[in-house]
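Spelled out from the first residue to the last, the chains are:
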Amino acid sequence: QVQLVESGGGLVQAGGSLRLSCAASGSISSINNMGWFRQAPGKQRSLVAEVTSSGITTYVDSVKGRFTISRDNAKKMVYLQMNSLKSDDTAVYYCTVTFQWGARAWGQGTQVTVSS
């Protein structure tokens, strides 16, 4: 089984930056995509960014140009660089991976709070 552990969340002023990291361990040979979802108070958990095994990236429109997702297969890590943060980015951010058969695994989540 795969375990995912996030780090890098915290409190930041609007306009600032944070870098989230996620370390994967366990049986990772079957992983396809790696990515990040977020869930704000009163809202559904939704996609922020994903990157495929071949390096193709996808972003939700609201973060395009501000966030960058990357993965390091040798280190078994996925990252989310978040710049120009806004109050609306405040949420719990979850690391996620997809498997060849379509299932997902989730990390425990890390809180990102953007103050204004």
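Here's what I pulled together on the structure shown here. (Residues numbered from 1 in each chain as written. Predicted model: local features only at pLDDT ≥ 70, side-chain atom pairs only at ≥ 80, totals over all residues. Heavy atoms only, no water.)

### Some thoughts on the nonpolar core
Proteins that are soluble and globular tend to have nonpolar side chains buried together.
Now for step 1: Counting 30 residues, the largest nonpolar core has Trp36, Leu80, Met82 and Tyr93 as the members making the most contacts within it.
Now for step 2: In this structure Met82 touches Gly16, Ser17, Leu18, Leu20, Arg66, Phe67, Tyr93 and Val112, once residues within four positions along its chain are discounted. (Core = buried A, V, L, I, M, F, W, Y, C linked by side-chain atoms within 4.5 Å. Buried < 20%, exposed > 50% of the residue type's maximum accessible area, 1.4 Å probe, protein only. Contact = heavy atoms within 4.5 Å.)

### Focus on the pairing of strand β1 (residues 2–7)
Now for step 1: Burial of β1 is one-sided: the residues Val2, Leu4 and Glu6 facing one way are buried, the residues Gln3, Val5 and Ser7 facing the other way are not.
Now for step 2: Examined bridge by bridge, β1 and strand β3 (residues 18–26) share six bridges and lie antiparallel to one another. Bridge pairing in β3 places Val2 opposite Gly26. (Helix = DSSP H or I, 4+ residues; strand = E, 2+ residues; numbered from the N terminus. Pairing = 2+ DSSP bridges.)

### Structural notes on the sheet that holds β1
By way of backbone hydrogen bonds, the strands of a sheet pair with one another, either parallel or antiparallel.
Now for step 1: Taken in spatial order, the four strands line up as β1-β3-β8-β7 in an open sheet, and their pairing is antiparallel. Each edge of the open sheet is held by one strand with a lone partner, namely β1 and β7 (67–72). In this sheet, neighbouring strand axes are inclined to one another by 15° on average, regardless of whether the strands run parallel or antiparallel. (Axes fitted to C-alpha atoms, helices over the stretch in contact; angles between N-to-C directions.)

### A closer look at the side chain of Thr90
Now for step 1: If you trace the backbone, Thr90 turns up in the loop between β8 (77–82) and β9 (91–99).
Now for step 2: Contacts of Thr90, omitting those with residues within four sequence positions, involve Ala40, Gln111, Val112, Thr113 and Val114.

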